[in-house]
Amino acid sequence: MIDPSVETFNRLIRTELPARTPRLFDTACVLGGSIAGLLAARVLADHARSVVIIERDELEPSGQSRAGVPQDRHGHALLPGGLKQLERWLPGVVDEAQALGGYLAPIEQQTVYYDGRPRAQGGDAKLLLGSRPFLEARIRDRVLALPNVSVLSGLATGLIYTEDGRVSGVQVDHESLSADFVVDAMGRASRLSTWVEEAGYQRPVLVRMPTGIHYVTAHFERTESADSIEQACVLGLFAPRTMPADLTVASACVIEDDQWQVMMMTYEDNPAARSVEAFRSACRDLPPIFQKATTGELTRGLETYHQADSRHRDFTGLTHFPAGLVAVGDAVASFNPIYGQGISSAALHASCLSEYLTTDPDLTTPATDFFAHQKVITDAAWTLSAGADAARADAITGTKAPAEVEQQRWALNQIIQATLTDPTVTEVFAAVTAMDAHPATLADPAVLDRALAANEAATAPRLG
Ligand SMILES: Cc1cc2nc3c(=O)[nH]c(=O)nc-3n(C[C@H](O)[C@H](O)[C@H](O)COP(=O)(O)OP(=O)(O)OC[C@H]3O[C@@H](n4cnc5c(N)ncnc54)[C@H](O)[C@@H]3O)c2cc1C
């Protein structure tokens, strides 16, 4: 029997547009105009006379960093699963991004390392490279070009409800705005849970996974021409001598305006964050592409970011929650960013919203079906990233997980190990990490058998 979560996941990752888009609302309101909010607004534009995005920051058309998105100074990979959804909702956006300086890296120009060793290349997924403000600006330009979508500049401070338990509006800078449907896209610090609780409803259950990550990112002028780029995106786990003994993840990506964006992430305070010299020095311990990427002039100084935990708010199973209210993006789940799942997850939340709104929902009751679909997506991402964080935490403390979990971890490690030598295993694993296949794919015994055979062949002594 097919796992119903897999079936739902496979439906939600489809890329065709819905066959019918019933008009359901006069005004739909999205709180937060970042990537998750913009993509929700794109879907709502099919179902509402007017969609109003409320955003506290001024939204610059040029794609500058902004206060409401402090993570936007750091490397953001757009995984293939998310890229497909972007192109689904905004056809042609990838071509536009390329025309404006974004870089579409073919598989041959992408390298992933584990423990300093390059992974075998598998599949043909392309990566769209660009800074986070650049990617957001491409999405924003397209969504705000829709005739029925507008932005209202202001701070959302609460919701308005009808007596029979539906959301009927939003408080913006203490003024009231009527709305038939409201989407929370206010990011990981969203106060929605507090708002609904204060109004007498249940708050979603919040799960936190401690991570304690430190990011440091710098931008450098790219000296080689676009024609001579050999590697455009490199990401991996390394142990440079100059860094703390614990795991370091580093990436170097070609981005717009002829720049390299170079990032290092550690689980301890990051010595490379102290100066550009320390940063360049740490890069000298990495594969040569990191030295190449950091030789040009600094175009943007070191930026740091610390995140104590990953968060997941579970809206399923709530028995007393307002109708006409959903949440998307980081407001629902904010993962360990090193797995690069946030934007793709947000894009798939837009798919969940479309599925919900195109299946004649009863809008007088809570959006239970929407939250059930969304949980399939967030669970898929959470299983992988929070699962790896839990394994790492247990390894540090010497804690034994239940036998079944230990077995799953062992199998996953075998698969990861096999990606160093077997392109087919890489293709399967990469599709899951790219949010283009459900994690249950990795539980297929044929995948593990192939991984074990590849690992045995890699360690067998060579004859002759
Ligand atoms: C260091 C780092 C690196 C990351 N790298 C990647 C990556 O490589 N790939 C990837 O896919 N994801 C990555 N992510 C995750 C990614 O940034 C988010 O998942 C993505 O931006 C979607 O976020 P969002 O739109 O839900 O929320 P956010 O981007 O956080 O935006 C929330 C918006 O709501 C607005 N807002 C908040 N409160 C209010 C209010 N009361 N009224 C009005 N407006 C309000 C804010 O101003 C902001 O515009 C990374 C995250 C971090 C921290």
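For the structure, see preceding data.
These numbers come from a predicted model, not from an experiment.

Conventions adopted
Residues numbered from 1 in each chain as written. Predicted model: local features only at pLDDT ≥ 70, side-chain atom pairs only at ≥ 80, totals over all residues. Heavy atoms only, no water. Bend = angle between axes of the 7 residues up to and from the residue. Helix = DSSP H or I, 4+ residues; strand = E, 2+ residues; numbered from the N terminus. Polar contact = N/O pair within 3.5 Å; in protein donor to acceptor, adjacent residues only side chain to side chain. Contact = heavy atoms within 4.5 Å. Pairing = 2+ DSSP bridges. Axes fitted to C-alpha atoms, helices over the stretch in contact; angles between N-to-C directions. Near = heavy atom within 4 Å. Areas by Shrake-Rupley, 256 points an atom, 1.4 Å probe, with all protein chains shown as cover. Nonpolar A, V, L, I, M, F, W, Y, C, P; charged D, E, K, R; others polar.

**Points about helix H10 (residues 368-397)**
- Of all the bends found along H10, the most pronounced is centred on Trp382 and spans about 35 degrees.
- In the stretch just after H10, Gly398 is the one whose phi turns positive, near 75 degrees.

**Examining the side chain of His47**
- Residue placement: His47 occurs in the loop between helix H2 (35-44) and strand S2 (48-55).
- A distance of 2.8 Å separates a polar side-chain atom of His47 from the backbone oxygen of Pro22.
- Setting aside chain neighbours within four positions, we find His47 in contact with Thr21, Pro22, Arg23, Leu24, Phe25, Leu357 and Thr358.

**Things to note about the sheet that holds strand S17 (residues 325-327)**
- The strand order S7-S2-S1-S11-S17 describes an open sheet built from 5 strands, whose pairing is parallel. Looking along the sheet, the strands with just one partner apiece sit at the ends: strand S7 (149-153) and S17. Direction aside, the axes of adjacent strands within the sheet are offset by 20 degrees on average.
- Relative to S7, S2 runs parallel, the two sharing 5 bridges. Directly across from Ile54, in S7, lies its bridge partner Leu152.

**Brief notes about the site of the ligand**
- Contacts to the ligand come from 32 residues, most closely from Ser34, Glu55, Arg132, Asp330 and Ile343.
- Ser34 has a polar side-chain atom sitting 2.7 Å from an oxygen atom of the ligand.
- Ile35 places a main-chain nitrogen or oxygen 3.4 Å from an oxygen atom of the ligand.
- For the ligand, the accessible surface in isolation is 1,000 Å², of which the surrounding protein chains cover 95%.
- Residue assignment for the shell around the ligand shows that the elements contributing at least two residues are H2, S2, strand S16 (298-314) and helix H9 (342-357).
- Here the residues of the shell around the ligand sort into 13 nonpolar, 13 polar and 6 charged.

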